[in-house]
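If you want the building blocks of each chain, they are given just below.
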Amino acid sequence: MATTYASPIAGLPTQMALQTGRAIFTEAYALIPHGVMRDIVTSYLPHWSETRAWVIARPMTGFSETFSQYIMEVFPGGGSQRPETNPEAEGILFVVEGFVTLVVDGKSHTLRPGGYAYLPPNSGWTLTNKGEIPTRFHWVRKRYEVVEGIEIPAAFVANEQDEPVVWMPDTKMTWGTTRFVDPTDLRHDMHVNIVTLEPGAVIPFEETHVMEHGLYVLEGKAVYRLNRDWVEVEAGDFMWLRAFCPQACYAGPERFRYLLYKDVNRHAKLPF
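Student: Could you clarify how one ought to interpret unusual backbone geometry in this entry?
Tutor: Glycine aside, the phi torsion of most residues is negative, and most peptide linkages are trans. Here Ala-10, not a glycine, exhibits a phi torsion of approximately 55°, which is positive. Tracing the backbone through its elements, the reader meets Ala-10 in the segment before strand 1 (24-25). Of note in the backbone geometry, Asp-170 takes a positive phi value of approximately 65° without being a glycine. On the secondary structure map, Asp-170 appears in the loop between strand 12 (165-167) and strand 13 (175-178).

The following block contains the structure:
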């Protein structure tokens, strides 16, 4: 089965379109459906040229507080020689369309769809679209939490096509995760993975745990449990979950995959 990657449809609906969207923001989760990721909601960022972004998650007091997530669209010739202005921020890039040239630690890398890069804080990376078509990629940013005696991880690049799916036990290879970092590697304080559910597969219990989540649907459709609600989601939708928000899933008739952010491997912050 060919791998596909959803991205925003951009443009604007016609004046005759019905106002029947699925966007919702609650005390425990938010759903940003792909149909609202239009030109009018894009943002522009300092030190980026020929580039715009859909900001789909940002830290908010009383909601998800650890990360921001953008879908970046870089037009030919665009990019940045100073993309990250916060020296404490680490980042992960995941390419869904086109090609980009990433330079980090003095090495140049071409990232194609499925391309993944981990960028440690203060790494001085740069990015350029040297191609002839726009490129789109996810950029997840988090303030790195330094721990005495644990080194900051080095930058690396990968592609999901080269990484195995680790299947959950007793699921007959229907529910699994593509991981780019060993879960026991305590240098990393966030994971961005890809979760795959084959047609009809389920997450068979209500996961309720301390991690904040961002879920961007890359392929397929499903019925997803979010807090008290069962919500239909499809390729291009984004879900944003607070810590302890219950979640479960029934996959649809085709393979269902999503890009998953979660914060890991650190103590909970104490308010004193």
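What follows picks up the thread again.
Student: Quick question: what am I supposed to make of the state of the cysteines here?
Tutor: Counting across every chain of the model gives 0 disulfides. Residue Cys-245 stays outside any disulfide, its sulfur separated by 13 Å from that of Cys-249, the closest cysteine. Cys-245 gets classed as buried once you look at its relative accessible area, which sits at 4%. Note on Cys-249: relative accessible area 0%, which makes it buried.

Student: Explain the side chain of Gln-69 here, please?
Tutor: Inspection of the secondary structure assignment puts Gln-69 in strand 4 (residues 67-80). A relative accessible area of 2% places Gln-69 in the buried class. Side chain to side chain, Gln-69 and His-138 meet in a polar contact 3.1 Å long. Apart from the residues within four sequence positions on either side, Gln-69 is in contact with Trp-54, Val-55, Ile-56, Ala-57, His-138, Trp-139, Val-140, Tyr-216, Phe-238, Leu-259 and Tyr-261.

Student: Which parts of the structure should I look at to understand the pattern of salt bridges?
Tutor: When charged atoms on two side chains of opposite charge get close, those side chains can pair. All told, the structure shown has 17 salt bridges when counted by the stated rule. The shortest N-O distance in the salt bridge between Asp-189 and Lys-142 comes to 2.9 Å. Within this pair, whereas Asp-189 is found in the loop between strand 13 and strand 14 (190-197), its partner Lys-142 is found in strand 10 (residues 135-143), the two being separated by 47 residues in sequence. Residues Asp-189 and Lys-142 agree in their burial class; the two are buried. Ionic pairing is found between Arg-255 and Glu-219, a salt bridge with its closest N-O pair at 3.3 Å.

Student: I'm lost on the layout of surface pockets in this one. Help?
Tutor: Unoccupied space between atoms shows up once a probe the size of one water molecule is rolled over them. When its volume is computed, the largest pocket comes out at roughly 630 Å³. What lines the largest pocket is a set of 23 residues, and nearest its centre among them are Glu-65, Thr-66, Glu-145, Asp-263 and Lys-269. Secondary-structure elements contributing two or more residues to the lining of the largest pocket are strand 4 and strand 10. Among the elements that make up the lining of the largest pocket, the one with the highest residue count is strand 10 (3 residues). Of the residues assigned to the lining of the largest pocket, the class counts are 9 nonpolar, 5 polar and 9 charged.

Student: Help me understand the sheet that holds strand 17 (residues 221-226), please; the structure alone is not making it clear to me.
Tutor: Strand pairing within a sheet occurs via backbone hydrogen bonds; the two strands may be parallel or antiparallel. Overall, antiparallel pairing links the 4 strands, which are arranged 15-20-17-18 in an open sheet. Strand pairing shows two members of the sheet lacking a second neighbour, strand 15 (202-207) and strand 18 (229-234), which therefore form its edges. Direction aside, the axes of adjacent strands within the sheet are offset by 20° on average. For strand 17 and strand 20 (residues 247-251), the ladder comprises 5 bridges, and the chain directions are antiparallel. Directly across from Ala-222, in strand 20, lies its bridge partner Ala-251.

Student: Even after reading the chapter, I still don't get the nonpolar core, so can you show me in this structure?
Tutor: Grouped burial of nonpolar side chains is what soluble globular proteins tend to show. Phe-94, Tyr-216 and Leu-218 are the most contacted members of the largest nonpolar core, which has 29 residues in total. Looking at this core, the elements with two or more residues in it are strand 3 (49-57), strand 4, strand 5 (89-97), strand 8 (115-119), strand 14, strand 16 (213-219), strand 19 (238-241) and strand 21 (256-263). For Phe-94, the residues in contact, after removing those within four places along its chain, are Tyr-5, Gly-114, Gly-115, Tyr-116, Phe-137, His-138, Glu-160, Ile-194, Leu-218 and Leu-259.

Student: Honestly, the pairing of strand 10 in this entry has me stumped. Any pointers?
Tutor: Every regular strand shows the same layout, with side chains that alternate between the two sheet faces. Most of strand 10 sits inside the fold, with 8 of its 9 residues counted as buried. Bridge count between strand 4 and strand 10: 8 bridges; the pairing is antiparallel. By the bridge assignment, Tyr-70 is partnered in strand 10 with Trp-139. Summarising the sheet, strand 5 and strand 10 pair through 8 bridges and their orientation is antiparallel. Its bridge partner being in strand 10, Glu-90 is matched across the sheet by Lys-142.

Student: Would you mind showing me how to read the packing of aromatic side chains here?
Tutor: What describes a pair of aromatic rings is the distance from one ring centre to the other and the angle between the planes of the rings. Using the criterion set out here, one finds 16 aromatic pairs in the structure. On the basis of an interplanar angle of 25° and a centroid distance of 6.0 Å, the ring pair of Tyr-118 and Phe-156 is categorised as stacked. Residue Tyr-118 is located in strand 8, and its partner Phe-156 is located in strand 11 (residues 156-159); the two are separated by 38 residues in the primary sequence. Here the aromatic rings of Trp-230 and Tyr-250 are separated by 5.4 Å at their centres, their planes lie at 50°, and the arrangement is tilted. Here Tyr-250 lies in strand 20 and Trp-230 lies in strand 18, a separation of 20 residues in the sequence. Cluster of aromatic residues (ring-pair linked, three or more members): Trp-48, Tyr-70, Trp-125, Phe-137 and Trp-139. A cation sits over an aromatic face here: Arg-141 above Trp-139, 5.7 Å from the ring centre.

Calculation criteria
- Residues numbered from 1 in each chain as written.
- Predicted model: local features only at pLDDT ≥ 70, side-chain atom pairs only at ≥ 80, totals over all residues.
- Heavy atoms only, no water.
- Helix = DSSP H or I, 4+ residues; strand = E, 2+ residues; numbered from the N terminus.
- Disulfide = S-S within 2.5 Å.
- Buried < 20%, exposed > 50% of the residue type's maximum accessible area, 1.4 Å probe, protein only.
- Polar contact = N/O pair within 3.5 Å; in protein donor to acceptor, adjacent residues only side chain to side chain.
- Contact = heavy atoms within 4.5 Å.
- Salt bridge = Lys/Arg side-chain N within 4 Å of Asp/Glu carboxyl O.
- 1 Å grid on protein atoms, 1.4 Å probe; cavity = no way out; pocket = protein on both sides within 12 Å on 5 of 7 lines; lining within 4 Å.
- Points joined across faces, edges and corners; volume = space filled by probe spheres on them.
- Nonpolar A, V, L, I, M, F, W, Y, C, P; charged D, E, K, R; others polar.
- Pairing = 2+ DSSP bridges.
- Axes fitted to C-alpha atoms, helices over the stretch in contact; angles between N-to-C directions.
- Core = buried A, V, L, I, M, F, W, Y, C linked by side-chain atoms within 4.5 Å.
- Phe/Tyr/Trp six-rings, centres within 6.5 Å; stacked < 30°, edge-to-face > 60°.
- Lys NZ or Arg CZ within 6 Å of the ring centre and 35° of its normal.

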